[in-house]
Amino acid sequence: MTSKALILVGGPRKGTRFRPLSLELPKPLFPIAGKPMIHHHIEACAQIDGLEEVVLIGFYEASLFSSFIEETQKEFKIKISYLNEENSLGTAGGLYMFKDKILAGSPSTIFILHADICCAFPLKEMLAFHKSSSKVCTIMGTKVPREYANTYGCLIKDEVTHELSHYTEKPETFISDLINAGIYCIEPSFFDIIGQVKASQKKDEFAIYEASQTETDKTGRQSLDCSMEIVKRQFLDTSIATLRLEQDVFVPLAGTKQLYVYQYDGFWRQIKNAGASVYCNDLYTKHYQKVKPSVLVAPRAGIIGNVMILFLPGIVLLACGLVLREYQIKHQISIII
């Protein structure tokens, strides 16, 4: 049984809330706990037996990821590639555009991960859940404080079957404190579902456009019919439209016995802006204390908490919980010394 992982890295227009840090470095490569943001995703993917390739999908210049891909392939001994959308096609549009390349090699299961999330990536557990009853698509969900829930996609699931019964993206009122955690596990047949949703959406859009056109006299009718046929072909061309996985696919499929929820109870945070990276550093170093304490500085006088020190090229020191010159640093930050 083989599998692949897709990491949705977005593009430069998606990193505006991460400025000024993202002006010179793509947001997915910004260091979190001493490693590029998506390094943590790939490290978890590399632990999956039979996972043969990690594919980055986005609309950054491919050259920006070349060095990272080369180094990370060597580190984890796994194939990593980059697919450039050129223009933003939406989270589902990009997947569908590259479906033939994604399905090459006949993977039995495909992980989809958003780049801007921080968690323990319980991919093995999620895969076991996904395979337990032949699910087509599994969404990882996690609980957040009630007051923040409506800033995410909110899930309502059947507590017995775990089927997703309702999905709302950023609702105006409280729906649920169980939210979409940005990791999915799908079967190859899920691409057929995306294609069906895409075709249905385009037909609906064309019907609205067609109904909006005014009647013309018989002289202009032939020309109008010809123009409408051209417009119709453009509307129904499912290879060029934007499609969002969460709003356009999950919302209508909820309650159809095709989407299920794997509930994850570990640490989780979305990396929306530069400030969030500080808290994610803290979450990762606390996690490392449990799973790989060797990457942390050994306890010694003057050090408080979980500390990781990384000297980057130049003179930048990254630290977490380090007492430096009598000032305690509670979260990992960059210090110029």
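Just so you know, these numbers come straight off a predicted model, no measurement behind them.

Parameters at a glance
- Residues numbered from 1 in each chain as written.
- Predicted model: local features only at pLDDT ≥ 70, side-chain atom pairs only at ≥ 80, totals over all residues.
- Heavy atoms only, no water.
- pLDDT = per-residue confidence, 0-100.
- Contact = heavy atoms within 4.5 Å.
- Core = buried A, V, L, I, M, F, W, Y, C linked by side-chain atoms within 4.5 Å.
- Buried < 20%, exposed > 50% of the residue type's maximum accessible area, 1.4 Å probe, protein only.
- Helix = DSSP H or I, 4+ residues; strand = E, 2+ residues; numbered from the N terminus.
- Polar contact = N/O pair within 3.5 Å; in protein donor to acceptor, adjacent residues only side chain to side chain.
- Pairing = 2+ DSSP bridges.
- Salt bridge = Lys/Arg side-chain N within 4 Å of Asp/Glu carboxyl O.
- Phe/Tyr/Trp six-rings, centres within 6.5 Å; stacked < 30°, edge-to-face > 60°.
- Lys NZ or Arg CZ within 6 Å of the ring centre and 35° of its normal.

**Things to note about the confidence of the model for the protein chain**
Now for step 1: Per-residue pLDDT for the protein chain averages 82, and the proportion of residues at 70 or more is 73%.
Now for step 2: Here residues 215-219 is a poorly scored stretch, pLDDT under 50, and it has three contacts once near neighbours within four places are set aside; other chains count.

**Section: the nonpolar core**
Now for step 1: Formed by 55 residues in total, the largest nonpolar core has its most connected members in Val-54 and Leu-56.
Now for step 2: Beyond its immediate stretch of four places on either side in the chain, Val-54 contacts Ala-5, Ile-7, Ile-42, Cys-45, Ile-78, Lys-79, Ile-80 and Ser-81.
Now for step 3: The next biggest cluster of nonpolar side chains, apart from the first, holds 33 residues, and it includes Ile-112, Tyr-184, Phe-250 and Ala-254.

**Description of the side chain of Lys-157**
Now for step 1: Its location among the elements puts Lys-157 in strand S9 (residues 153-157).
Now for step 2: Of the residues examined, Lys-157 reaches a relative accessible area of 9% and is grouped as buried.
Now for step 3: Here His-162 takes part through its side chain, which lies 3.5 Å from a polar atom of the side chain of Lys-157.
Now for step 4: Residues within four places of Lys-157 in sequence aside, it is in contact with His-162, Glu-163, Leu-164, Ser-165, Leu-178, Val-261 and Gln-263.

**Digging into unusual backbone geometry**
Now for step 1: A positive phi is found at Ala-33, a non-glycine position, where the angle reads about 55°.
Now for step 2: Examined against the element boundaries, Ala-33 turns out to sit in the loop between strand S2 (31-32) and strand S3 (35-36).
Now for step 3: On the basis of relative accessible area, Ala-33 is assigned to the buried category, the value being 2%.

**Observations regarding the pairing of strand S12 (residues 259-264)**
The side chains of a regular strand alternate between the sheet's two faces.
Now for step 1: Counting buried positions along S12 gives five out of six residues, so the element sits mostly inside the fold.
Now for step 2: When strand S8 (residues 137-143) meets S12, the two strands line up parallel, connected through six bridges. Of the residues in S12, the one forming a bridge with Cys-137 is Leu-259.

**Some thoughts on helix H8 (residues 245-253)**
Now for step 1: Looking only at H8, the buried set comprises Leu-245, Glu-246, Asp-248, Val-249, Phe-250 and Leu-253.
Now for step 2: Just downstream of H8, Gly-255 is the residue with a positive phi angle, here 85°.

**Some points on the pattern of salt bridges**
Now for step 1: Using the criterion set out here, one finds eleven salt bridges in the structure.
Now for step 2: Between Lys-27 and Asp-116 there is a salt bridge, and its shortest N-O distance comes to 3.7 Å. Of this pair, Lys-27 sits in the loop between strand S1 (3-10) and S2 while Asp-116 sits in the loop between strand S6 (109-114) and strand S7 (117-119), and the two are 89 residues apart along the sequence.
Now for step 3: Residue class for Lys-27 comes out buried when judged on its relative accessible area of 10%.
Now for step 4: What makes Asp-116 buried here is its relative accessible area of 18%.
Now for step 5: For the salt bridge of Lys-157 with Glu-159, the shortest nitrogen-to-oxygen distance reads 3.3 Å.

**Focus: the packing of aromatic side chains**
Now for step 1: According to the stated counting rule, one finds eight aromatic pairs in the structure shown.
Now for step 2: Plain terms: the ring middles of Tyr-60 and Phe-65 are 5.6 Å apart, the flat faces sit at 65° to each other, and that makes the pair edge-to-face. Like Tyr-60, the residue Phe-65 is buried in the burial classification.
Now for step 3: Taking 5.5 Å as the distance between ring centres and 75° as the angle between the ring planes, the aromatic pair formed by Tyr-152 and Trp-268 counts as edge-to-face. Of this pair, Tyr-152 sits in the loop between S8 and S9 while Trp-268 sits in strand S13 (residues 268-270), placing them 116 residues apart in sequence. Here the two residues Tyr-152 and Trp-268 agree in accessibility, since each one is buried.
Now for step 4: Joined through ring pairs, the aromatic side chains of Tyr-60, Phe-65 and Tyr-82 make up one cluster.
Now for step 5: Over the ring of Phe-174 we find Arg-146, and its NZ or CZ is 3.7 Å from the ring centre.

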